[in-house]
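Fold and geometry: a report
Here's the letter readout for the chains.
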Amino acid sequence: LGRLGFPVPKGEVVTRLGTKVDPTTAVIRVEGRRLPPVSAHVYLVLNKPRGVVSTMSDPQGRRTLSDFVVDRPERLFHVGRLDTDTDGLILLTNDGEFANRMAHPSYEVDKTYVAEVEGGVSRATLKQLRDGVTLADGPVHVSAARVRSTHGDRSIVELVIHEGRNRIVRRLMDHVGHPVRRLTRTQIGPVRLAGLKQG
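Scope of this entry: the structure provided in the associated data block. Because the structure is predicted, anything quoted here is derived from the model rather than measured. (Residues numbered from 1 in each chain as written. Predicted model: local features only at pLDDT ≥ 70, side-chain atom pairs only at ≥ 80, totals over all residues. Heavy atoms only, no water.)

Further remarks concern the nonpolar core. The biggest cluster of nonpolar side chains holds 31 residues, and the ones touching the most others in it are Val117, Leu129, Val142, Leu159, Val169, Leu172 and Met173. Only strand E5 (87-93), strand E6 (111-118), helix H2 (123-131), strand E7 (133-135), strand E9 (142-151), strand E10 (154-161), helix H3 (168-175) and strand E11 (180-188) provide two or more residues apiece to this core. Broken down by element, the residue count for this core peaks at 4 residues, all from H3. The next biggest cluster of nonpolar side chains, apart from the first, holds 8 residues, and it includes Val79, Leu89, Val109 and Ile188. (Core = buried A, V, L, I, M, F, W, Y, C linked by side-chain atoms within 4.5 Å. Buried < 20%, exposed > 50% of the residue type's maximum accessible area, 1.4 Å probe, protein only. Helix = DSSP H or I, 4+ residues; strand = E, 2+ residues; numbered from the N terminus.)

In C-alpha cells:
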C-alpha cells in the first residue's frame, strides 16, 4: 500500500520515504535483488534465567517462558527444555517442523553447555566423556569436552552433546565424579547466545 493506503502499481520504482507495501504479497527488489517474502514463522532466541520453568504456563504460578513473550501475538512454543536451575539458550517458535528438526535426537543437533563443576577435571575424565558414558537410561555420546579453567576446588568445563534427556549434563558429570554447581547452555546448532542478556 502506498501513502494514505493506496496500492503501489506493479513495477513502480518507489523513491518516496515512508511508502508502505504489503510484504506478504508484494515482490520487492532492492538494487535489482529480490527480498525474500515475509514468513509467518517466528524464531526467537531467549537467554533463560535460572529459576524460570521451561514451559509456557505453570499451574503452580512459577515464572515461565511466556513471561518474556507476552507482547507477541503468535502462539509460541519452546524447542526442548532447560532445567529450572539451568540458564542459557532456549528457542521459541511457531514452526513445528523446525522445532522437531532442532529437538529430535535423530537430527543430532549439537548443544553446547558450560558447567561449573566440583573438583579438577583430568584428561582421563575428558577422554572417558568423549569415549561415551552409559547412564541408567542408556549411553550418552559427547561430541566434545574440554576444561576451560580450573580454580581451586572447581573447574569450568565445556561439553557438546546432542542429547535432550532430562538433566543429562548434570547426571553425566555426577557419573564421572564432578557434580555440577552451575550450568548454562550457550549454543544450539549454529545459534549462540553471543552476549544476549538474560531475559
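Here the narrative resumes.
What follows covers the pairing of E5. Among the 7 residues of E5, 7 are classified as buried, and the element is accordingly described as predominantly covered. Pairing of strand E3 (residues 43-48) with E5 involves 6 bridges; the strand directions are antiparallel. Paired with valine 45 across the two strands is leucine 91, which belongs to E5. The pairing of strand E4 (residues 77-79) with E5 spans 3 bridges and is antiparallel. Bridge pairing links valine 79 to leucine 91 in E5. Relative to E11, E5 runs parallel, the two being bridged by 2 bridges. Residue aspartate 87 lies in a different strand from E11, and its bridge partner there is threonine 184. (Pairing = 2+ DSSP bridges.)

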